[in-house]
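Structural description and commentary
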Amino acid sequence: MVLSLGLSHPVRMTTPGDLQVKAEENTRIVVSGNDKCSIGEFAALRWRPPEPYKGKGVRYANEVIRLKEGKAEKKK
């Protein structure tokens, strides 16, 4: 699987043999399989973690990102 994550190069990921990986949409990837441990290990490979100011990056579907306020908001 080749992902374009906004880096200077495309990110190539190899999927283990016991997992099925489907790209439902342009921004959504579904990982399924029998072993929850191997699913978690594959999904935990975060090539671009969510940043705390804008929330951009790779994250789980039900994950909530707590955003920090910027410098301009503190002056009030």
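Right above here is the structure, for reference.
Predicted model, so just to flag it, every value in this text is computed and none were measured. Throughout this description, residue numbers start from 1 for each chain and increase along the sequence as written. Side-chain atom pairs in this predicted model are given and counted only at pLDDT of 80 or more, local residue features only at pLDDT of at least 70, and totals for whole chains, interfaces and linings cover all residues. Excluding hydrogens and water, the side-chain figures rest on all heavy atoms present in the structure.

1. Describing the overall build of the protein
Looking only at helices and strands, the protein has two helices and four strands in total. For 76 residues, the compact-globule formula gives about 11 Å, and the C-alpha radius of gyration of the protein, at 16 Å, lies well above that figure. Its C-alpha atoms put the protein at 55 × 30 × 20 Å along the principal axes. The buried share of the protein, taken over its 76 residues, is 13%. Only heavy atoms enter the contact rule, under which two residues are in contact if any of them lie within 4.5 Å. Long-range contacts, defined as pairs at least 24 residues apart, comprise 18% of the intrachain contacts of the protein with a sequence gap of at least 6. Comment: elements are numbered from the N terminus, with helices defined as DSSP H or I runs of at least four residues and strands as E runs of at least two. A radius of gyration in this sense is built from C-alpha atoms; the matching globule rule multiplies 2.2 Å by the number of residues raised to 0.38. Exposure categories follow from relative accessible area, calculated using a 1.4 Å probe and restricted to protein chains: below 20% of the type maximum is buried, above 50% is exposed, and the middle band is partly exposed.

2. So, the side chain of Ser38
Mapped onto the elements, Ser38 comes out in helix α1 (residues 36-43). Within the local environment of Ser38, its side chain forms a polar contact with the side chain of Asp18, the two groups lying 3.5 Å apart. Once residues lying within four places of it in the same chain are set aside, the contact partners of Ser38 are Asp18 and Leu19. Polar contact criterion, stated in full: a pair of N or O atoms within 3.5 Å, where within protein one must be able to donate a hydrogen and the other to accept it, and residues adjacent in sequence count only if both atoms are side-chain atoms.

3. A word on the nonpolar core
Take the buried residues of types Ala, Val, Leu, Ile, Met, Phe, Trp, Tyr and Cys, join any two whose side-chain atoms come within 4.5 Å, and each joined set is a nonpolar core. Membership of the largest hydrophobic core is limited to seven residues, which are Leu3, Leu5, Val11, Met13, Leu19, Ile39 and Phe42. Leave out the neighbours within four places in its chain, and Val11 touches Met1, Val2, Leu3, Leu5 and Trp47.

4. Digging into the pairing of strand β4 (residues 28-33)
Here, a strand pair is defined by DSSP locating no fewer than two bridges between the strands. Relative to β4, strand β3 (residues 19-25) is paired through six bridges, and the arrangement is antiparallel. Of the residues in β4, the one forming a bridge with Gln20 is Ser32. Counted along the chain from β3 to the antiparallel partner β4, the turn is two residues long.

5. Quick look at the environment of Met13
Mapped onto the fold, Met13 is located in the loop between β2 (11-12) and β3. On the basis of relative accessibility, which here comes to 10%, the residue Met13 falls in the buried class. Spatially, the C-alpha atom of Met13 lies 6.2 Å from that of Val2, the residues being 11 residues apart in sequence.

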